[in-house]
Amino acid sequence: MSPRREPHQGEELHVDVEGRTLKISSLDKVLYPRTGTTKGEVLDYYARISPVMLPHLRDRAVTRIRWPHGVQDLSFFEKNAPAGTPSWVRTVTVPTTGRRAGRYGDVENDTLTFPVVDDLATLTWLANLAALELHVHQWRVGRNGRPRNADRIVIDLDPGDPAGLHECCQVALLARDKLAERDLVAKPVLSGSKGLHLYADLPRRLPSDDASDLARAIGEDLQAEHPRLVTAAMAKAKRGGKVFLDWSQNAGSKTTVAPYSLRGRERPYAAAPVTWDEVAAGAEDPFGLEQQRFDQVLARAEEHGDLFA
């Protein structure tokens, strides 16, 4: 991403991103007040992390969470490609159910038209819209533009207070073994929020309902074997002090924050792939593993490459 010249405060700037000209604005706007992290730093992060992030966004419809005025202010979900989407941005129209008015006048009919982030220009365009969080489905879009069956499952480990990441790491090791019993290889990713995500590529694509059933079976097995540590129940009242193994993220309409995406938290944490040795350290020591800031995620990618590959 190469600017034509340095901007003055609040000025718009035209940049060339892989042959696309984008209008970038408010580079000095602070999006994370606690750390003073600016929009320019967010754009820089996404540009530098893109070599390892883009392969995991490619061919997946993207839901965004935007913080136009920074994480201390209001945010909103956005599924449909917004008005003014550049003509070169790839989009995909997929079926949904029902019809309802969106929070910001975005009317949802029986289809949704999502952007697909296949290149740095599209990623930069979204970052400029303060789309800090990028969430994706567990299915990809086929060459015909239609959703395919799920090519992976995800298990979202969400701790209920006073449980935390330490307990999530313990459950992650147990879930890894359950996945291995089914010949599935789990890959751990810090959520950038409170918990941990486990992904496993499927040997063949499954309908989303079947993928959800598979994840639910793992959760219920672990709940039966470790009832004081794990719950697979959706009721929030049953999660206190336990790790909720959320299998529902595999539903066709559900999304999970993409690996390497920033999070709209008080500090600029990102969804960070980690090694199983790090997870084991977190399971052993309550302070053995912590959520990662975006600068740490960049440094890790430069040193180790794509741990999620």
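Residues numbered from 1 in each chain as written. Predicted model: local features only at pLDDT ≥ 70, side-chain atom pairs only at ≥ 80, totals over all residues. Heavy atoms only, no water.

The protein chain has the name Non-homologous end-joining DNA ligase in an unreviewed UniProt entry, where Nocardioides plantarum is given as its organism.

**Examining the overall build of the protein chain**
Let me state the cut-off plainly: Numbering of helices and strands runs from the N terminus, with a helix taken as a DSSP run of H or I at least four residues long and a strand as a DSSP run of E at least two residues long. As defined in this context, the radius of gyration uses C-alpha atoms, and a globule is described by 2.2 Å times the residue total to the power 0.38. Think of it in three bands: residues with accessible area under 20% of the maximum for their type are buried, residues over 50% are exposed, and the middle band is partly exposed, with areas taken using a 1.4 Å probe on protein chains only. The contact definition used throughout considers only heavy atoms, calling two residues in contact when any of these lie within 4.5 Å.
Across its full length, the protein chain holds 6 helices and 22 strands. Relative to its length of 309 residues, the protein chain is compact, with a C-alpha radius of gyration of 19 Å against a globular reference of 19 Å. With the C-alpha coordinates aligned to their principal axes, the bounding extent of the protein chain is approximately 60 × 45 × 35 Å. A burial count over the protein chain gives 50% of its 309 residues as buried. Contacts in the protein chain between residues far apart in sequence, at least 24 positions, make up 66% of those at least 6 positions apart.

**Remarks on the pairing of strand 8 (residues 91–95)**
Selection rule: Strands are labelled as partners when DSSP assigns at least two bridges between them.
Residues V92 and V94 line the buried face of strand 8, whereas the alternating positions T91, T93 and P95 sit on a face that is not buried. The pairing of strand 8 with strand 11 (residues 111–115) spans 5 bridges and is classified as antiparallel. Its bridge partner being in strand 11, T93 is matched across the sheet by T113.

**Focus on the nonpolar core**
As a reminder of what qualifies: Buried Ala, Val, Leu, Ile, Met, Phe, Trp, Tyr and Cys residues form a nonpolar core when they are joined through side-chain atoms within 4.5 Å.
With 82 residues, the main nonpolar core has Y45, Y46, I49, L57, L134 and L157 as its most contacted residues. It is helix 1 (residues 39–57) that contributes the most residues to this core, 9 residues altogether. When near neighbours in sequence (up to four residues on either side) are disregarded, L57 contacts V62, V117, L123, L134, V136 and A258. V94, L112, W139 and V141 belong to the second largest nonpolar core, which has 8 residues in total.

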